[in-house]
Amino acid sequence: MFKESFKYYKSKWPIPNLTSVIDFRERGVNEIQELHLNDCDCASLGLPLGLNPVHCWRIFTLNSHPGLLIIRHAFTTLGQRYWMARSLKDYPKAPNRVNLNERLFQKSVLDDWWFSLQSCEDKDESRRMKISMRWTTLGYHHDWDTKIYSEDLHTKFPEDLSKLSSFFANILGYNDYQAQAAIVNYYPIGTTLAGHTDHSEQNLEAPLFSFSFGQTAIFLIGGKTREEKPTALFIESGDVLVMSKESRLCYHAVPRVMKAREETWNCLIESTQPKESSVEPPVQPSKRLRTEVPCIDSRETSAALEWAMDPILYNQVADEIFWSPFKSYLHDSRINLNVRQVLHRNRTTLNGH
């Protein structure tokens, strides 16, 4: 059943009917329920730069998949841009691992893919370089052959992504969560991710956080076996998907990446705060687009440093000239940061110490 659904939504011809895909923009969808959080309950946690206040978020659960959460409207436009830029410019750098084959690409490309891509003057080579990048791993690096983690393949996990993940975990009541491994996936439109489960971590009780940016994906979530028919969801830019409890070991896949209905990450306006009464908050029209780099004030700098973010980069992504190559890449691509805790609580290494 899972394989058949995957083939159906992947199909280029005939084009699949998407009316059965759950759309969180629509009201009154029977399969989902909405949860509500209160800012007051989360006040002690602070708020990372680039996130909307918690009362602006919309959090959904699926009746058929306990433990699966979808968080919408958590990120501001600048927040989306910051994490997109980090995922493209910084995370693929050595010593982080990438999928690029050393026999097909020079070491300079493997060490700093984004810089090499932007420096390439050969249009065909640039395209090859772009579509060949499919993943980079952070922290504990997943071995795709053995499906296990190793202390020999372990580098420092990015502190900003760790703090972001811990913030979402704390909001949901996982107070001891530690982000220790991540796979950053790069999906050009037309690519897919086959059905699988994430079971390599020692700690399977901790939730898995999936941050999506860029073009829209259809996400399939099934059951513990491939025989169960999956549910299809639209996942859009800025959405956070959380797999916890019963859903943590369920089969899931991405059979289709498609053009977004609205490129919210390009709608940078002077005020990206949604109105509290709005059902669909993100972009308010008729405001002047930022075409110059705003000076980041001391309050924003302090907030960025508190959350281990790069205040200079946060400032730069508001500049449309600086943003131009990122905008070009995301015109036909999606980025997904898949973050997980590897070790059991109070453990510092895989061997139990």
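Residues numbered from 1 in each chain as written. Predicted model: local features only at pLDDT ≥ 70, side-chain atom pairs only at ≥ 80, totals over all residues. Heavy atoms only, no water.

Taking an unreviewed UniProt entry as the reference, the protein chain is identified by name as Fe2OG dioxygenase domain-containing protein belonging to Stomoxys calcitrans.

## Examining the sheet that holds strand S7 (residues 193-196)
Pairing between the strands of a sheet comes from backbone hydrogen bonds, and it takes one of two forms, parallel or antiparallel. Overall, antiparallel pairing links the four strands, which are arranged S7-S12-S9-S10 in an open sheet. With partners counted over all chains shown, the strands left at the sheet margins are S7 and strand S10 (231-235), one partner each. Across the sheet, the axes of successive neighbouring strands diverge by a mean angle of 20 degrees, strand direction being ignored. In this sheet, strand S12 (residues 252-258) lies alongside strand S9 (residues 216-221) in antiparallel orientation, the contact comprising five bridges. Bridged to Ile221 within S12 is His252. (Pairing = 2+ DSSP bridges. Helix = DSSP H or I, 4+ residues; strand = E, 2+ residues; numbered from the N terminus. Axes fitted to C-alpha atoms, helices over the stretch in contact; angles between N-to-C directions.)

## A short note on the packing of aromatic side chains
Taken as a whole and judged by the stated rule, the model has 22 aromatic pairs. For the ring pair Phe2 and Tyr251, a centre distance of 6.2 Å and an interplane angle of 55 degrees mean the geometry is tilted. Of this pair, Phe2 sits in helix H1 (residues 2-10) while Tyr251 is found in the loop between strand S11 (240-243) and S12, placing the two residues 249 residues apart along the sequence. Judged by relative accessible area, which is 16%, Tyr251 ranks as buried. Aromatic side chains Phe168 and Phe211 sit 5.5 Å apart centroid to centroid with 65 degrees between the ring planes, which places their arrangement in the edge-to-face category. On the criterion of sequence distance, the pair formed by Phe168 in helix H7 (residues 159-171) and Phe211 in strand S8 (residues 208-214) is long-range, its members being 43 residues apart. Accessibility assignment for this pair places Phe168 and Phe211 in one class, buried. Ring pairing ties together the aromatic residues Trp57, Phe75, Phe167, Phe168, Phe211, Phe213 and Trp307, which thus form one cluster. Over the ring of Phe105 we find Arg128, and its NZ or CZ is 4.2 Å from the ring centre. In this arrangement the basic side chain of Arg261 is found over the ring face of Phe234, its NZ or CZ atom lying 5.5 Å from the centre. (Phe/Tyr/Trp six-rings, centres within 6.5 Å; stacked < 30°, edge-to-face > 60°. Buried < 20%, exposed > 50% of the residue type's maximum accessible area, 1.4 Å probe, protein only. Lys NZ or Arg CZ within 6 Å of the ring centre and 35° of its normal.)

## Things to note about the nonpolar core
Counting 64 residues, the largest nonpolar core has Trp57, Phe75, Trp113, Leu161, Phe168 and Phe211 as the members making the most contacts within it. Contact partners of Trp113, with chain neighbours within four places excluded, come to Leu88, Pro92, Leu100, Met129, Lys130, Met133 and Tyr329. (Core = buried A, V, L, I, M, F, W, Y, C linked by side-chain atoms within 4.5 Å. Contact = heavy atoms within 4.5 Å.)

## A look at the packing of helix H3 (residues 77-90) against H7
Where H3 contacts H7, the two axes come as close as 12 Å, and the packing angle between them is 135 degrees. In this view, H3 runs oblique relative to H7, as classed from their interaxial angle. Like other packed secondary-structure pairs, H3 and H7 cross with a definite hand, here left-handed. On H7, the residues touching Tyr82, Trp83 and Arg86 of H3 are Asp160, Leu161 and Leu164. (Parallel < 35°, antiparallel > 145°, perpendicular 65-115°, else oblique. Left-handed = near helix turned anticlockwise from the far one by under 90°.)

## So, the side chain of His142
Structurally, His142 is set in the loop between strand S5 (135-139) and H7. Of the residues examined, His142 reaches a relative accessible area of 9% and is grouped as buried. Of the polar contacts made by the side chain of His142, one reaches the side chain of Ser200; its length is 3.2 Å. If near-sequence neighbours (up to four positions away) are discounted, His142 is found in contact with Arg97, Thr137, Lys147, Ile148, Tyr149, Ile183 and Ser200. (Polar contact = N/O pair within 3.5 Å; in protein donor to acceptor, adjacent residues only side chain to side chain.)

## Thoughts on the pattern of salt bridges
Applying the stated rule across the entire model yields 20 salt bridges. Where Lys89 meets Asp90, a salt bridge forms, and the shortest distance between an N and an O atom there is 2.8 Å. Lys107 is the partner of Asp111 in a salt bridge, and the nearest nitrogen-oxygen pair spans 2.5 Å. Highlighted residues: Asp111 and Lys107, both in helix H4 (residues 107-111), separated by four residues, approximately one helical turn. Judged by its relative accessible area of 60%, Lys107 falls in the exposed class. One connected set of salt bridges, linked through shared partners, spans Asp23, Arg25, Arg72, Glu236, Asp239 and Arg261. (Salt bridge = Lys/Arg side-chain N within 4 Å of Asp/Glu carboxyl O.)

## Looking at the sheet that holds strand S1 (residues 32-35)
With antiparallel pairing, the nine strands of this open sheet are ordered in space as S1-S2-S3-S11-S8-S13-S6-S5-S4. Of all the strands in the sheet, the pair left with one neighbour each is S1 and strand S4 (97-98). Relative to strand S13 (residues 333-340), strand S6 (residues 181-188) runs antiparallel, the two sharing eight bridges. Within S13, the position partnered with Tyr186 by the bridge is Ile335. Against the sheet, helix H10 (residues 320-330) touches S6, S8 and S13, its axis set at about 95 degrees to S13.

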